[in-house]
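# Coordinate inspection notes
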Amino acid sequence: MMGRQGVPLILCAPSGAGKSTLVKKLCEEFDLSFSISCTTRLPRAGEKDSIHYHFIDKDTFEKKIQANEFAEWAIVHGNYYGTPLKPLIETLEKGKDIIFDIDIQGAAQLLLSLPTARFVFILPPSLEILKNRLELRGTDSAEVIEKRMKNAIGEIKNSHWFEAWIVNDNLERAYDELRSFYLSCTLAPKLRPQLIKNILGK
Ligand code: 5GP
């Protein structure tokens, strides 16, 4: 692939829609880098600093906001989350594709600030199934599940502007759809400004 810029691929979904599994599968199959966000929430069991997130305190996060160190940031479920700008720019300039697991507020900010960004929204087949999945996960209290369900409804209602909707009722099929969308993104002329010049020899 001659001199292509990296694809910033943004994935949004209500929690429980199966987004992390899809992200993991795509990173396993392709040489994609995962955008490691900063967050003020505490690590869950099994989460490692600088792999899943950069876990930082509120004060440090707010200083980074002031210093314009984030490509986007938002408050989600009561905690700060943000995408560090510098590694993002460096990755894209190297021509490496990068996948983001961020919420819809952050995605809307990147829509304005990152012209090559591409946007996918993962939908659960129904609210009932989403709730079942959250309950089965067993990581959240009934109160937190209620909060997440309310959030999910809001996000789903606001997802019309995304370029693709993928309904995750069957993981293999959902993955196939994500894979196809990603591959088509890598072909965008915007990412290859020199290609025509090279072909025409000018
Ligand atoms: P969790 O705490 O379950 O890992 O993530 C909660 C929500 O925050 C998810 O919807 C996730 O996509 C979102 N999120 C994670 N990192 C970022 C980020 O850097 N920016 C924004 N805006 N949302 C994020």
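This report concerns the structure included in the present document. (Residues numbered from 1 in each chain as written. Predicted model: local features only at pLDDT ≥ 70, side-chain atom pairs only at ≥ 80, totals over all residues. Heavy atoms only, no water.)

### What to know about the overall build of the chain
Where we set the bar: Going along the chain from the N terminus, every DSSP run of H or I of four or more residues is numbered as a helix, and every run of E of two or more is numbered as a strand. Throughout, radius of gyration means the C-alpha value; the globule benchmark is 2.2 Å times the number of residues raised to the power 0.38. Buried, partly exposed and exposed residues are distinguished by accessible area as a fraction of the type maximum, computed with a 1.4 Å probe on protein chains only: under 20%, between the cut-offs, and over 50%, respectively. Contacts were defined at the residue level, with two residues in contact if any of their heavy atoms lie within 4.5 Å.
Across its full length, the chain carries eight helices and nine strands. For the chain, whose C-alpha radius of gyration is 18 Å, the value lies close to the compact-globule estimate of 17 Å for 202 residues. Viewed in the frame of its principal axes, the chain has a C-alpha envelope of about 65 × 40 × 30 Å. Buried residues in the chain amount to 42% of all 202 residues. Of the contacts formed within the chain by residues at least 6 apart in sequence, a portion of 68% connects residues at least 24 apart.

### Here's the deal with the sheet that holds strand β9 (residues 164-167)
Heads up, the rule is: For two strands to pair, DSSP has to find at least two bridges joining them. Helix axes are fitted only over the stretch in contact, all axes being lines through C-alpha atoms; the angle between N-to-C directions runs from 0 to 180 degrees.
Across the sheet, which stays open at both edges, the five strands sit in the order β2-β7-β1-β8-β9 with parallel pairing between neighbours. Since the sheet does not close on itself, it has two edges, and those belong to β2 (33-34) and β9, each with one partner. As defined by bridge partners, strand β8 (residues 118-123) adjoins β9 across four bridges and the pair is classed as parallel. Directly across from Leu-123, in β9, lies its bridge partner Val-167. The strands that helix α7 (residues 171-185) touches are β1 (8-12), β8 and β9; relative to β9, the one it contacts most, it runs at about 160°.

### A short note on the packing of helix α1 (residues 19-29) against α7
Rules: Geometric relationships in this document are graded by angle, where less than 35 degrees denotes roughly parallel, more than 145 denotes roughly antiparallel, 65 to 115 denotes roughly perpendicular, and other angles denote oblique. Here a crossing is called left-handed whenever its near helix is offset anticlockwise from the far helix by less than a right angle, and right-handed whenever the offset is clockwise. Each residue receives one of three labels: charged for Asp, Glu, Lys and Arg, nonpolar for Ala, Val, Leu, Ile, Met, Phe, Trp, Tyr, Cys and Pro, and polar for the others, Gly being one of them.
Running from N to C, α1 and α7 point in directions that differ by 55°, and their axes come no closer than 10 Å. Taken together, the axes of α1 and α7 are oblique relative to one another. At the point where α1 passes α7, the crossing takes the right-handed sense. Between α1 and α7, the residues in contact are Thr-21, Leu-22, Lys-25, Leu-26 and Glu-29 and Leu-171, Glu-172, Ala-174, Tyr-175, Leu-178, Arg-179 and Tyr-182, respectively. A class-by-class count of the residues in the contact of α1 with α7 yields seven nonpolar, one polar and four charged.

Interpretation in functional terms is not warranted from these geometric data alone.
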